[in-house]
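Here are the chains, one letter per residue:
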Amino acid sequence: MTTPSAGVRPGAAGRPGAGESQGASGTPVATGRVTIRRALVSVHDKTGLAELARGLHDAGIEIVSTGSTAAAIAAAGVPVTRVEDVTGFPECLDGRVKTLHPAVHAGLLADVTQPGHRRQLEQLGVAPFGILISSLYPFEATVASAAEPAECVEQIDIGGPAMVRAAAKNHASVAVITEPAQYGEVLEAVRLGGFTLEQRRRLAARAFAHTAAYDAAVASWFARSYAPDETAAQTGWPDAVFTGWARRDVLRYGENPHQQAALYVRRDGGVSRDDGVAGAEQLHGKAMSYNNYVDAAAARRAAFDFARPCAAIIKHSNPCGIAVGDDLAQAHRKANACDPASAFGGVIAVNGTVTAGLAAQIAEIFTEVLVAPAFEPAALEILAGRKNLRLLRCPPPVPGELVTESRQVDGGMLVQSPDLVDAPGDDPARWQLMSGDPASGDDLADLAFAWRACRWVKSNAILLASGGASVGVGMGQVNRVDASRLAVARAGDRARGSVAASDAYFPFPDALEVLIEAGVRAVAEPGGSIRDELSVAAAQAAGITLYFTGVRHFYH
C-alpha cells in the first residue's frame with residue numbers, strides 16, 4: 001500500500017466536487033464542471049510554468065510534479081509535492097522512470113463516477129488527479145538539429161505519452177493539457193470551478209492527436225534511420241510512412257462551391273522542412289481559398305527556381321507568364337506581357353522583396369494573390385488599397401528541405417523525390433547539339449531559361465521564350481502537336497525568332513514542324529524517342545538549332 005501524498009485526506013478520494021451532480025444512487029455524474037483539487041504537472045517546456053503554478057496554488061490546488069519541473073515550481077516560491085513522495089520510489093535510470101507507477105496512473109485513470117473505483121482508491125491511499133499538465137520531450141526538435149541517433153533515442157518520451165493518454169481516456173474525470181498555449185484556459189476554468197465535460201472531451205481529443213503525431217514522428221524517424229526490411233535497405237524507401245496533420249484553417253469551399261475544404265499542415269516534425277505557402281503569413285486581403293493555395297504553391301515553386309529576379313504568374317497551376325529581369329518590376333512586366341488576358345485574376349509569386357515600383361504595377365492589374373518573401377512598407381501601403389488582393393509573406397524555400405512529394409490515388413498514395421534538384425541535363429553545357437549552329441549569347445540564355453521554366457508547365461508542355469521571358473505557353477495538352485500549336489498561337493508574331501523548350505521528346509516530327517513553321521530558331525528537348533532521327537532531320541532541313549538535353553520534366 002502506498003502512502004497518501006501531503007494534503008490528501010484518506011476517504012476524500014472520490015467525493016464529488018463543486019459543479020458535479022449526483023445520480024439517484026449517489027454516484028457522481030461528471031456532466032458539469034469538475035472541481036480540480038489536485039494537479040499533476042510534468043513539462044519539458046517551462047514556458048509560463050511559474051505563472052501557472054501560482055494560479056493553481058492560489059486556487060487551493062495541490063501540485064504534484066517531477067524532476068526539473070518540481071524544481072522550477074519550487075524556485076518560483078510555490079509549494080509542490082514531488083512525485084517520489086507520492087510513489088515512495090525515487091526517480092531512476094537518469095530520469096527514464098519517474099511517473100510509471102500505480103500511485104500516479106491510478107490517480108489519472110480512476111473514474112470517480114464509479115463507486116468501485118472510489119473504494120479502491122481509498123483502500124490504496126491514492127488520491128485522484130483532476131488535471132494533467134504535460135509537455136513531451138523535444139524529440140522532433142532533436143532530430144531536426146541533426147543530433148546523433150543516441151541523443152534522438154534519449155528524447156523519445158515514454159512516461160509523458162503514457163500519462164497523457166491515461167488522462168485523455170479518463171476525460172470524464174480528468175482534464176489534460178499538452179502545451180503552454182493552453183495555460184490561460186486552465187486558469188480561467190479554475191476560476192469558474194473547473195472544466196465542463198464538453199471542454200474535457202475537446203482537450204482529450206487534442207491530447208490524443210498530440211500523442212499520435214508524436215508517435216508518428218518517432219515511427220517515421222525509425223523507418224528512415226533503420227531500414228527494417230530488404231526493400232527499404234535497397235531502395236531507400238521505408239516500409240511504412242507515418243505523417244501527422246493538424247488543421248490550420250477551414251476554407252470557404254474547395255475547388256468548387258459545392259465542395260467542402262480545409263487546410264492542414266504537417267506535424268511529422270522529424271525532418272527540417274520548408275513549410276511553404278501553408279505556413280505563410282497573410283498580410284492583407286480576403287481569406288485564402290483552396291484554389292488560391294494550389295496556385296500560390298505553383299507560383300512560388302516556379303519563381304524560386306531562378307537565381308535572377310523572377311516573376312511567375314499562375315492560372316490553374318500553369319504559368320501564363322514567367323520571366324527574369326534586372327529587377328522584379330522588369331521581370332513582372334515581361335511576364336505579364338506574355339498573356340495579359342490570362343494574367344487577369346492570376347496568382348503572382350516573386351523571388352525577392354516587393355518594392356513600391358513593383359507594387360504600383362501589380363495594383364493596376366486584378367490579381368488574386370501575391371506571394372513574396374518580403375514587402376517594403378511603401379509597397380504594402382500601395383497594395384492595401386486592393387481589398388481583394390491577398391498578400392502572403394513566405395520565406396524562400398531552403399534548398400534540399402523538400403525531401404519527398406506525394407499524391408493520393410484511390411486506395412493509396414504515391415510518393416516520389418521532387419523535380420527540384422538540377423539534373424545533369426539541365427546544364428546547357430552538357431546538352432547534345434543535334435542540328436544547326438551552337439547557340440550562344442542571348443540565344444543560349446533564352447534556351448536555358450525556357451528549359452528551366454518549362455518544367456513548371458503541365459504536360460504536355462511547350463514554352464516559347466525571348467529576352468528572358470515566356471512569349472507563348474502550350475500546356476496540359478494530350479498531344480505535343482496541340483501543345484505546340486497553342487504555344488505558337490499565344491505567342492503570335494513573337495514566335496518568330498524565339499526559342500522553345502519541350503518537357504518531353506517529340507514522338508514524331510509534326511510538333512517540331514509546327515514550331516519551325518512559326519519561326520522558332522532553336523529548340524531544347526530531351527530526346528529519347530525511337531523516331532528521334534525524324535525530328536533531327538526536320539531540324540536540319542530547316543537549319544534550326546536543336547539540342548537534346550537527356551532529361552525529361554513531366555509535370556502532371
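Residues numbered from 1 in each chain as written. Predicted model: local features only at pLDDT ≥ 70, side-chain atom pairs only at ≥ 80, totals over all residues. Heavy atoms only, no water.

S.K.: I tried to follow unusual backbone geometry on my own but got confused; where do I start?
M.R.: Trans is the prevailing form of peptide bonds, just as negative phi is the prevailing case for residues other than glycine. In this chain, S459 is followed by N460 through a cis amide linkage whose omega measures -5°. As for its position among the elements, N460 is in the loop between α17 (441-454) and β21 (462-466). We note that S317 has phi near 70°; this positive angle belongs to a residue other than glycine. Relative to the helices and strands, S317 resides in the loop between β11 (310-315) and β12 (318-324). (Helix = DSSP H or I, 4+ residues; strand = E, 2+ residues; numbered from the N terminus.)

S.K.: Explain helix α2 (residues 67-75) here, please?
M.R.: An α-helical turn contains 3.6 residues, so any two residues separated by three or four positions project in the same direction. Every buried residue belonging to α2 is among T69, A70 and I73, and all of these are buried. The buried side chains of α2 occupy one side of the element, clustering within an arc of 95° when seen end-on. In the segment just after α2, G77 is the residue with positive phi, at about 80°. (Buried < 20%, exposed > 50% of the residue type's maximum accessible area, 1.4 Å probe, protein only. Arc of directions from axis to C-beta.)

S.K.: Whenever I open this one, the nonpolar core confuses me. Can you help?
M.R.: Side chains of a nonpolar character, in soluble globular proteins, are inclined to be buried together. Residues V41, L56, L108, I131, I133, F139 and F195 are the most contacted members of the largest nonpolar core, which totals 50 residues. Counting residues per element, this core draws most heavily on helix α10 (residues 197-225), which supplies seven residues. (Core = buried A, V, L, I, M, F, W, Y, C linked by side-chain atoms within 4.5 Å.)

S.K.: Got a minute to help me understand the environment of A329 in this structure?
M.R.: Along the chain, A329 turns up in helix α13 (residues 328-338). Along the chain, A329 and G107 lie 222 residues apart, while their C-alpha atoms are 65 Å from each other. Beyond its immediate sequence surroundings of up to four residues, A329 is in contact with L358 and Q361. (Contact = heavy atoms within 4.5 Å.)

S.K.: Before we go on, may I ask you to explain the pattern of salt bridges in this structure?
M.R.: Where charged atoms from two side chains of opposite charge come close, those side chains can pair. Inspection of every chain in the model, using the stated rule, returns 15 salt bridges. The partner of R393 in a salt bridge is E281, and the shortest N-O contact between them spans 2.8 Å. Within this pair, whereas R393 is found in strand β17 (residues 390-393), its partner E281 is found in strand β10 (residues 281-284), the two being separated by 112 residues in sequence. Take R393: its relative accessible area is 31%, and that puts it in the partly exposed class. Owing to a relative accessible area of 42%, E281 belongs among the partly exposed residues under this scheme. (Salt bridge = Lys/Arg side-chain N within 4 Å of Asp/Glu carboxyl O.)

S.K.: Is there a simple way to explain the environment of L263 in this structure?
M.R.: Structurally, the position occupied by L263 is in strand β9 (residues 261-266). Overall, the relative accessible area of 11% leaves L263 in the buried class. In this structure the C-alpha to C-alpha distance between L263 and R247, which are 16 residues apart in sequence, comes to 5.9 Å. Ignoring any residue separated from it by four or fewer positions in sequence, one finds L263 in contact with A246, R247, R248, D249, L251, A278 and Y293.

S.K.: Would you take a moment to explain the sheet that holds strand β7 (residues 175-177) for this structure?
M.R.: Hydrogen bonds between backbone atoms are what pair the strands of a sheet, whose relative direction is either parallel or antiparallel. Ordered by their spatial adjacency, five strands build an open sheet running β5-β4-β3-β6-β7, and the pairing between neighbours is parallel. The sheet is open, and its two edges are formed by β5 (81-82) and β7, each paired on a single side. Where strand β3 (residues 38-43) lies against strand β4 (residues 62-65), four bridges are found, and the strand directions are parallel. Counted as the bridge partner of A39 is I63 from β4. (Pairing = 2+ DSSP bridges.)

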